[in-house]
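Survey of secondary and tertiary structure
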Amino acid sequence: MGRSLFLFFAFIVFGIQPLAALAVSDSEKYGRARETMVQDQLIKRDIVDKRVLAAMNKLPRHLFVPKILAFKAYTDSPLPIGEGQTISQPYIVALMTEVLELKGNEKVLEIGTGSGYQAAVLAEVAKEVISIEIKKKLCVKARKLLDSLGYTNVETRCGDGYFGWNKGAPYDAIMLTAAIDHIPPPLLAQLKDGGRLVLPLGNPFSYQNLVLVTKKKNDYRVWQIAGVLFVPMTGHAMKTFGK
(Lines give C-alpha, C1' and ligand atoms only; values in the text may rest on other atoms or scores of the structure.)
Protein backbone atom coordinates (compact mmCIF):
# COMPACT_ATOMS: atom_id res chain seq x y z
CA MET A 1 0.00 0.00 0.00
CA GLY A 2 1.40 3.43 -0.94
CA ARG A 3 2.31 5.80 1.91
CA SER A 4 -0.28 8.44 0.98
CA LEU A 5 -2.99 5.79 0.63
CA PHE A 6 -1.99 4.28 3.97
CA LEU A 7 -2.22 7.66 5.71
CA PHE A 8 -5.63 8.29 4.18
CA PHE A 9 -6.74 4.84 5.34
CA ALA A 10 -5.42 5.54 8.85
CA PHE A 11 -7.26 8.88 9.06
CA ILE A 12 -10.56 7.23 8.05
CA VAL A 13 -10.37 3.90 9.87
CA PHE A 14 -8.44 4.77 13.01
CA GLY A 15 -9.60 8.35 13.43
CA ILE A 16 -6.11 9.84 13.30
CA GLN A 17 -6.49 13.60 12.98
CA PRO A 18 -4.49 15.70 10.50
CA LEU A 19 -2.01 18.14 12.07
CA ALA A 20 -4.26 21.13 11.34
CA ALA A 21 -7.10 19.46 13.23
CA LEU A 22 -4.78 18.69 16.14
CA ALA A 23 -3.73 22.35 16.27
CA VAL A 24 -7.36 23.44 16.43
CA SER A 25 -8.04 20.82 19.05
CA ASP A 26 -5.13 22.08 21.19
CA SER A 27 -6.35 25.65 20.83
CA GLU A 28 -9.83 24.68 21.97
CA LYS A 29 -8.41 22.61 24.82
CA TYR A 30 -6.32 25.48 26.19
CA GLY A 31 -9.19 27.90 25.69
CA ARG A 32 -11.48 25.74 27.80
CA ALA A 33 -8.73 25.32 30.38
CA ARG A 34 -8.35 29.10 30.66
CA GLU A 35 -12.09 29.58 31.10
CA THR A 36 -12.15 26.94 33.83
CA MET A 37 -9.11 28.51 35.50
CA VAL A 38 -10.74 31.94 35.57
CA GLN A 39 -14.06 30.61 36.86
CA ASP A 40 -12.83 28.12 39.46
CA GLN A 41 -9.53 29.61 40.62
CA LEU A 42 -10.19 33.35 40.33
CA ILE A 43 -13.87 34.28 40.39
CA LYS A 44 -14.73 31.74 43.09
CA ARG A 45 -11.92 33.22 45.20
CA ASP A 46 -13.31 36.74 44.86
CA ILE A 47 -11.13 38.18 42.11
CA VAL A 48 -13.55 40.77 40.75
CA ASP A 49 -11.52 43.14 38.55
CA LYS A 50 -13.01 42.54 35.10
CA ARG A 51 -9.88 43.72 33.31
CA VAL A 52 -7.68 41.30 35.26
CA LEU A 53 -10.10 38.43 34.59
CA ALA A 54 -10.21 39.29 30.88
CA ALA A 55 -6.41 39.43 30.67
CA MET A 56 -5.98 36.02 32.25
CA ASN A 57 -8.73 34.53 30.11
CA LYS A 58 -6.92 35.84 27.03
CA LEU A 59 -3.26 35.04 27.74
CA PRO A 60 -1.84 31.68 26.54
CA ARG A 61 -0.26 30.73 29.86
CA HIS A 62 0.94 27.44 28.38
CA LEU A 63 3.46 29.39 26.28
CA PHE A 64 5.08 30.79 29.43
CA VAL A 65 6.00 27.42 30.94
CA PRO A 66 8.37 24.71 29.67
CA LYS A 67 6.73 22.68 26.89
CA ILE A 68 6.92 19.53 28.97
CA LEU A 69 4.70 21.24 31.58
CA ALA A 70 2.24 22.87 29.18
CA PHE A 71 -0.47 20.41 30.21
CA LYS A 72 -0.21 21.80 33.77
CA ALA A 73 -0.20 25.47 32.76
CA TYR A 74 -3.75 26.15 33.97
CA THR A 75 -3.64 24.14 37.18
CA ASP A 76 -3.90 25.76 40.60
CA SER A 77 -0.19 25.68 41.40
CA PRO A 78 3.15 27.36 40.71
CA LEU A 79 5.42 25.68 38.15
CA PRO A 80 9.20 25.62 37.64
CA ILE A 81 10.50 27.65 34.68
CA GLY A 82 14.23 26.96 35.03
CA GLU A 83 17.12 28.79 36.69
CA GLY A 84 15.63 27.93 40.09
CA GLN A 85 12.62 30.17 39.44
CA THR A 86 8.87 29.57 39.21
CA ILE A 87 5.77 31.00 37.60
CA SER A 88 3.24 31.84 40.32
CA GLN A 89 -0.09 30.06 40.52
CA PRO A 90 -2.82 31.89 38.57
CA TYR A 91 -4.66 33.07 41.67
CA ILE A 92 -1.58 34.81 43.09
CA VAL A 93 -0.90 36.49 39.72
CA ALA A 94 -4.47 37.77 39.66
CA LEU A 95 -4.46 38.83 43.32
CA MET A 96 -1.21 40.78 43.06
CA THR A 97 -2.44 42.50 39.91
CA GLU A 98 -5.85 43.33 41.35
CA VAL A 99 -4.54 44.96 44.54
CA LEU A 100 -2.59 47.48 42.45
CA GLU A 101 -5.97 48.84 41.28
CA LEU A 102 -4.74 49.64 37.78
CA LYS A 103 -7.08 51.63 35.54
CA GLY A 104 -5.17 51.52 32.26
CA ASN A 105 -3.04 54.66 32.18
CA GLU A 106 -0.29 53.68 34.62
CA LYS A 107 3.42 53.03 34.39
CA VAL A 108 4.28 49.86 36.32
CA LEU A 109 7.63 48.49 37.44
CA GLU A 110 7.85 44.72 37.87
CA ILE A 111 10.77 43.12 39.67
CA GLY A 112 11.29 39.51 38.59
CA THR A 113 10.22 38.95 35.00
CA GLY A 114 10.61 35.18 35.15
CA SER A 115 8.96 33.72 32.06
CA GLY A 116 7.14 37.00 31.34
CA TYR A 117 3.61 35.91 32.22
CA GLN A 118 3.00 38.43 35.00
CA ALA A 119 4.48 41.18 32.82
CA ALA A 120 2.02 40.26 30.06
CA VAL A 121 -0.91 40.39 32.50
CA LEU A 122 0.23 43.82 33.67
CA ALA A 123 0.62 44.97 30.08
CA GLU A 124 -3.02 44.12 29.46
CA VAL A 125 -4.24 46.36 32.29
CA ALA A 126 -1.65 49.18 32.37
CA LYS A 127 -0.23 51.59 29.80
CA GLU A 128 3.46 50.78 30.26
CA VAL A 129 5.44 48.05 32.02
CA ILE A 130 9.14 47.94 32.80
CA SER A 131 10.18 44.49 33.98
CA ILE A 132 13.58 43.56 35.42
CA GLU A 133 15.02 40.04 35.64
CA ILE A 134 18.34 39.15 37.28
CA LYS A 135 18.67 35.75 35.54
CA LYS A 136 19.95 36.63 32.08
CA LYS A 137 18.72 33.46 30.35
CA LEU A 138 15.21 34.03 31.64
CA CYS A 139 15.41 37.73 30.80
CA VAL A 140 16.36 37.12 27.17
CA LYS A 141 13.84 34.31 26.74
CA ALA A 142 11.00 36.37 28.24
CA ARG A 143 11.87 39.35 26.06
CA LYS A 144 11.68 37.23 22.90
CA LEU A 145 8.36 35.69 23.91
CA LEU A 146 6.76 39.01 24.85
CA ASP A 147 7.99 40.55 21.60
CA SER A 148 6.61 37.63 19.60
CA LEU A 149 3.21 38.13 21.24
CA GLY A 150 3.19 41.81 20.29
CA TYR A 151 3.66 43.44 23.69
CA THR A 152 5.18 46.71 22.58
CA ASN A 153 4.29 48.32 25.92
CA VAL A 154 6.63 46.03 27.90
CA GLU A 155 10.29 46.90 28.31
CA THR A 156 12.40 44.06 29.72
CA ARG A 157 15.74 44.73 31.35
CA CYS A 158 18.36 42.31 32.64
CA GLY A 159 19.74 43.27 36.04
CA ASP A 160 19.29 43.34 39.80
CA GLY A 161 15.76 44.53 40.51
CA TYR A 162 16.59 45.46 44.11
CA PHE A 163 17.66 48.85 42.79
CA GLY A 164 14.63 49.24 40.54
CA TRP A 165 15.01 51.35 37.40
CA ASN A 166 15.50 54.96 38.34
CA LYS A 167 15.44 56.27 34.75
CA GLY A 168 11.78 55.33 34.44
CA ALA A 169 10.71 56.65 37.85
CA PRO A 170 8.39 57.62 39.33
CA TYR A 171 6.06 54.63 38.96
CA ASP A 172 2.34 54.48 39.64
CA ALA A 173 2.73 50.92 40.86
CA ILE A 174 5.52 48.45 41.61
CA MET A 175 5.30 44.68 41.90
CA LEU A 176 8.02 42.49 43.39
CA THR A 177 7.63 38.80 42.60
CA ALA A 178 10.32 37.29 44.83
CA ALA A 179 10.54 37.05 48.62
CA ILE A 180 12.56 39.52 50.67
CA ASP A 181 12.70 40.32 54.38
CA HIS A 182 12.46 44.08 53.98
CA ILE A 183 11.08 46.63 51.55
CA PRO A 184 13.93 47.76 49.25
CA PRO A 185 14.48 51.52 49.84
CA PRO A 186 15.17 52.20 46.13
CA LEU A 187 11.71 50.88 45.23
CA LEU A 188 10.03 53.07 47.82
CA ALA A 189 11.95 56.05 46.48
CA GLN A 190 10.85 55.31 42.90
CA LEU A 191 7.17 54.92 43.83
CA LYS A 192 5.00 57.89 42.92
CA ASP A 193 3.17 59.78 45.64
CA GLY A 194 -0.12 57.93 45.96
CA GLY A 195 1.41 54.83 44.38
CA ARG A 196 1.04 51.19 45.40
CA LEU A 197 3.68 48.51 45.91
CA VAL A 198 2.91 44.81 46.35
CA LEU A 199 5.46 42.20 47.44
CA PRO A 200 5.95 38.98 49.45
CA LEU A 201 7.53 40.23 52.68
CA GLY A 202 9.21 37.98 55.25
CA ASN A 203 11.82 35.27 55.57
CA PRO A 204 12.74 34.42 51.95
CA PHE A 205 13.43 30.80 52.97
CA SER A 206 10.09 30.27 54.68
CA TYR A 207 6.53 31.52 54.34
CA GLN A 208 5.90 35.22 53.77
CA ASN A 209 3.05 37.70 53.92
CA LEU A 210 1.84 39.27 50.71
CA VAL A 211 1.62 42.95 51.57
CA LEU A 212 0.44 46.13 49.91
CA VAL A 213 2.41 49.31 50.59
CA THR A 214 0.78 52.65 49.89
CA LYS A 215 2.77 55.88 49.72
CA LYS A 216 1.68 59.37 50.72
CA LYS A 217 4.52 61.88 50.57
CA ASN A 218 7.15 60.43 52.92
CA ASP A 219 4.71 58.25 54.81
CA TYR A 220 4.07 54.58 54.04
CA ARG A 221 1.31 52.26 55.15
CA VAL A 222 1.56 48.46 54.97
CA TRP A 223 -1.49 46.24 54.58
CA GLN A 224 -1.32 42.45 54.97
CA ILE A 225 -3.19 40.52 52.28
CA ALA A 226 -2.42 36.79 52.52
CA GLY A 227 0.16 34.19 53.41
CA VAL A 228 2.33 33.15 50.46
CA LEU A 229 5.43 31.19 49.54
CA PHE A 230 7.76 32.73 46.94
CA VAL A 231 11.30 31.91 45.86
CA PRO A 232 13.94 34.18 47.44
CA MET A 233 15.01 37.39 45.79
CA THR A 234 18.64 37.01 44.73
CA GLY A 235 21.43 39.52 44.11
CA HIS A 236 21.83 42.42 46.53
CA ALA A 237 18.80 41.25 48.52
CA MET A 238 20.77 38.24 49.77
CA LYS A 239 23.60 40.50 50.96
CA THR A 240 21.17 42.39 53.15
CA PHE A 241 19.25 39.33 54.42
CA GLY A 242 18.94 39.34 58.20
CA LYS A 243 20.63 42.72 58.65
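Quick notes on the rules
Residues numbered from 1 in each chain as written. Predicted model: local features only at pLDDT ≥ 70, side-chain atom pairs only at ≥ 80, totals over all residues. Heavy atoms only, no water. pLDDT = per-residue confidence, 0-100. Contact = heavy atoms within 4.5 Å. Salt bridge = Lys/Arg side-chain N within 4 Å of Asp/Glu carboxyl O. Buried < 20%, exposed > 50% of the residue type's maximum accessible area, 1.4 Å probe, protein only. Helix = DSSP H or I, 4+ residues; strand = E, 2+ residues; numbered from the N terminus.

Notes on the confidence of the model for the chain
Here the chain averages 90 in pLDDT, and 89% of its residues register 70 or above. Below a pLDDT of 50 lies the segment residues 1-25, which in the model reaches eight contacts outside its immediate sequence neighbourhood of four places, other chains included.

Focus: the pattern of salt bridges
Scanning all chains against the criterion turns up six salt bridges. Of the charged contacts, one joins D40 and K44 as a salt bridge, the two residues approaching to 3.3 Å between their closest N and O atoms. Classification of D40 by relative accessible area gives partly exposed; the value is 38%. Judged by relative accessible area, which is 58%, K44 ranks as exposed. For the salt bridge of E124 with K58, the shortest nitrogen-to-oxygen distance reads 2.9 Å. Here E124, found in helix α5 (residues 117-125), pairs with K58, found in helix α3 (residues 50-58); they are 66 residues apart in sequence, far enough to count as distant. You can call E124 partly exposed: its relative accessible area is 24%. For K58, a relative accessible area of 51% gives the class exposed.

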